Amino acid sequence: MKVRTILMSVVGIITVVSNTFAKTTKKSKPNIIVVFADDISAREFPIYGSDTWSSPEAKNTSDVKYRAKTPVLDKIAKEGCYVKTAWASVVCSPSRAMMMTGRYAHLHKWWENKSIGQYTNEKGKAVAYPFYESSPKTIGAIAKEGGYATIWAGKTQMRGADLSKFGFDEGVFTPGPLKQTRLEPNSFTDFRVEIVKENGHKRILNMDTGEEMDTYAQNSWYWKPHVMLMNHPSSKGKKYEWWPNTPESKEAYGTHTYGPDVELDFILDFMERKTNDKMPFFVYHTTHLGHDAMNFVNPKETSKWPGTPKIKWTGKEYVRTQPKITGDNGNYDTHGTITEPGIHTHINYLDYQMWQYLNKLDDLGIMDNTIIIFCADNGTGKYGKNSPDIQKGVHVPFMVYAPGLGMTKKGFQDVLVNIADVLPTVAELAGVDIPADYEMNGVSLIPFLTTNKPTHREWIYGYKGSMQIIRNDILLKDGRDKWYDVRENPKDLISFPQITDWNMASSDLKQEKEKLLNILPQFDKFDEEQHGPLSPANKTELKELARRKAMKKKKAKALSNN
């Protein structure tokens, strides 16, 4: 079954829905906010009802003290809607590719973090294949085409691509990349981990303390963050600039400055400016919250998730404690203003930020003409992230909130959604037609959200390199080619019964298996079409590189077996 066939089958519905949608709202184009959280499984959110979640040590737990508290996201899910089974890819880069292109890896070529397709650039070099080349109708470009003012805030991870080519008017990047922006290294903070070569050996150093660390190279995106602005009004014509960039912001900046706060401050200011300009806006908020990181204010901390500023829900509103952090060179006192570590504290802070979004929309008087989509890029670190097993890596939260846009769905929705569906949904909201000859693997959610249509799509898909993951309402095939009966709902959202003997399986299950197997070949292009357009020289280089990697892997396997 071709994706294009599925799309064509609902063309009539979409046409009717588009007209109905416009008549129902009787407003200008709705503002669109997409909040894309980082490394958080659906099971971590109380609304999904799992009996298991992640502890600060990244282990499975049912201890309620590590359960996130999300009164605002619960409201968004119940008064809007939330999807039982939404899938991304298993890890960040291919999931961001799926989100930003509406396509699967056979087209955008971002198969997994370690298998990013290459192409030959204008200088003749083989580099990561950027979306604006493989899939020019990116989510930002679609919004721009629809007349939206656009901002991208948070994580980028675009592998050296030109960030100004994705269709965004403004950007607030944490941390900002250096190579393509050609800025000097950030002088405002030494909260970074670098790989340093000394006497032919590589050392990973915390540049704040000079001490060697067992972690990966990174610039801080949480405390005392690295923040890069793109095309911001305060930059006075500069395309890229490090923040803080004004006397006021430089005076206020310090160890107590929290990256997610900075991102959202810029977003809320953007929303206000564009509302005053009477322009619809599109916010693409790729927050780091949920992702592990070096804890620079407590370098000896063993948890993956550094604490956040303390917040408290009163039953009506959030009260935030202003962080106070003193000290230097790895010895810091947080004066009781920072939470304990753990992914639950990150989710709590996301809830606080969603409360800030709702307050701003109310203050601006645009709540009834705004749609919010909240989701995540892959499963939780050490649980689902990078896992091809069952749906551990791909199962993510998905919530939609649009109180004034005529939604017919409310609360829990037992349907299937792919992260690729966000782009065509944005396109339909923006009034942008995607050409029939431009392959789109996502399916707009608008017909499902605004009519009595009972289902959204028949199957969803994920991937990790050459591994393919697919499911429908009945059956799931994971990346290791194991099959599961998914008709029941396990308490941990994952312990589906495995089908090990197909001779004993019902005819219905066998038919569903055949349907899913027939879908996969159109996307199974990793071995034959892993890269984008390459020069003959680059093809030869990549083949040789692949050969060397294979030999190295073979030797390592042989050594481990001895």
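The structure under discussion appears in the preceding block.
Here goes a summary of the coordinates provided. These figures come from a predicted structure and were not determined experimentally.

**With respect to the side chain of Arg43**
The residue Arg43 is located in the loop between β1 (31-37) and β2 (53-54) in this model. Beyond its immediate chain neighbours, meaning those up to four positions away, Arg43 contacts Ser50, Thr52, Trp53, Ser54, Asn60, Arg67, Tyr383 and Leu493.

**Observations concerning the packing of aromatic side chains**
On inspection of all chains with the given rule, the structure shows 34 aromatic pairs. Centre to centre, the rings of Tyr318 and Trp355 are 5.9 Å apart; their planes meet at 70°, and the pair counts as edge-to-face. In this pair, Tyr318 sits in strand β18 (residues 318-320) while Trp355 sits in helix α10 (residues 343-364), placing the two residues 37 residues apart along the sequence. Note on Tyr461 and Phe523: the rings are 4.9 Å apart at their centroids and 45° apart in plane angle, and the pair reads as tilted. Placement of the pair is Tyr461 in strand β25 (residues 460-464) and Phe523 in the loop between α13 (507-519) and α14 (536-561), with a sequence separation of 62 residues. As far as the burial class goes, Tyr461 and Phe523 line up, both buried. Clustering of aromatic rings is evident, with ring pairs tying together Trp110, Phe131, Tyr132, Trp152, Phe166, Phe168, Phe173, Phe282 and Tyr284. Positioned above the aromatic ring of Tyr438 is the side chain of Arg103, whose terminal nitrogen or guanidinium carbon lies 3.9 Å from the ring centre. Its end group placed over the ring of Phe191, Lys224 keeps NZ or CZ at 5.4 Å from the ring centre.

**Some thoughts on the environment of Trp221**
Counting through the fold element by element, Trp221 comes out in the loop between β13 (218-219) and β14 (227-230). Those residues in contact with Trp221, other than ones at most four positions away along the chain, are Thr174, Pro175, Tyr216, Gly259, Pro260, His288, His291, Asp292 and Ala293.

**Quick word on unusual backbone geometry**
In this structure, the amide linkage connecting Thr174 to the following residue, Pro175, adopts the cis form with an omega of -10°. Along the chain, the position of Pro175 falls in the loop between β10 (170-173) and β11 (192-198). At the junction of Trp243 and Pro244, the peptide bond is cis and its omega measures out at 10° in the coordinates. Tracing the backbone shows Pro244 in the loop between β15 (240-243) and α8 (247-252). Phi is positive for Asn231, close to 55°, though the residue is something other than glycine. As for its position among the elements, Asn231 is in the loop between β14 and β15. In this model, Leu493 sits at a positive phi of 65°, which is unusual for a non-glycine residue. Here Leu493 lies in the loop between β28 (483-485) and β29 (498-499). According to the relative accessible area criterion, Leu493 is buried, its value standing at 15%.

**Concerning the sheet that holds β13**
A sheet is described by the order of its strands in space; here three strands give the open sequence β12-β11-β13, paired in antiparallel fashion. Looking along the sheet, the strands with just one partner apiece sit at the ends: β12 (201-206) and β13. Where β11 meets β13, two bridges bridge the pair, whose relative direction is antiparallel. Paired with Val193 across the bridge in β13 is Gln218.

**Focus on the nonpolar core**
Judged by nonpolar contacts, the single largest core of 144 residues is most densely connected at Phe166, Met271, Phe282, Tyr357, Phe398 and Met399. Those residues in contact with Met399, other than ones at most four positions away along the chain, are Phe45, Ile47, Tyr48, Leu73, Ile76, Ala77, Cys81, Tyr82, Ile372, Ile373 and Phe374. Of all hydrophobic cores here, the second largest spans 15 residues; its members include Ile390, Leu476, Val486 and Phe496.

**Considering the packing of helix α9 (residues 259-276) against α10**
Packing of α9 against α10 leaves a shortest axis separation of 11 Å and a crossing angle of 15°. As summarised for this structure, α9 and α10 are arranged roughly parallel, according to the angle between their axes. Of the two elements, α9 crosses α10, and the hand of that crossing is right-handed. From α9, Pro260, Asp261, Leu264, Ile267, Leu268, Met271, Glu272 and Thr275 reach across to α10, where they touch Tyr349, Gln353, Gln356, Tyr357, Lys360, Leu361 and Leu364.

**Some thoughts on helix α11 (residues 422-430)**
Burial within α11 is extensive, with nine of its nine residues counted as buried. Listed as buried for α11 are Val422, Leu423, Pro424, Thr425, Val426, Ala427, Glu428, Leu429 and Ala430.

**Remarks on the sheet that holds strand β26 (residues 467-471)**
The strand order across the open sheet built from five strands is β25-β26-β27-β28-β29, with neighbouring strands paired in antiparallel fashion. In the strand order of this sheet, the two ends are held by β25 and β29, each with one partner. Where β28 meets β29, two bridges bridge the pair, whose relative direction is antiparallel. Its bridge partner being in β29, Trp483 is matched across the sheet by Ile499.

Scoring rules and cut-offs
- Residues numbered from 1 in each chain as written.
- Predicted model: local features only at pLDDT ≥ 70, side-chain atom pairs only at ≥ 80, totals over all residues.
- Heavy atoms only, no water.
- Helix = DSSP H or I, 4+ residues; strand = E, 2+ residues; numbered from the N terminus.
- Contact = heavy atoms within 4.5 Å.
- Phe/Tyr/Trp six-rings, centres within 6.5 Å; stacked < 30°, edge-to-face > 60°.
- Buried < 20%, exposed > 50% of the residue type's maximum accessible area, 1.4 Å probe, protein only.
- Lys NZ or Arg CZ within 6 Å of the ring centre and 35° of its normal.
- Pairing = 2+ DSSP bridges.
- Core = buried A, V, L, I, M, F, W, Y, C linked by side-chain atoms within 4.5 Å.
- Axes fitted to C-alpha atoms, helices over the stretch in contact; angles between N-to-C directions.
- Parallel < 35°, antiparallel > 145°, perpendicular 65-115°, else oblique.
- Left-handed = near helix turned anticlockwise from the far one by under 90°.

Such coordinate-based values are descriptive only and should not be taken to indicate function.
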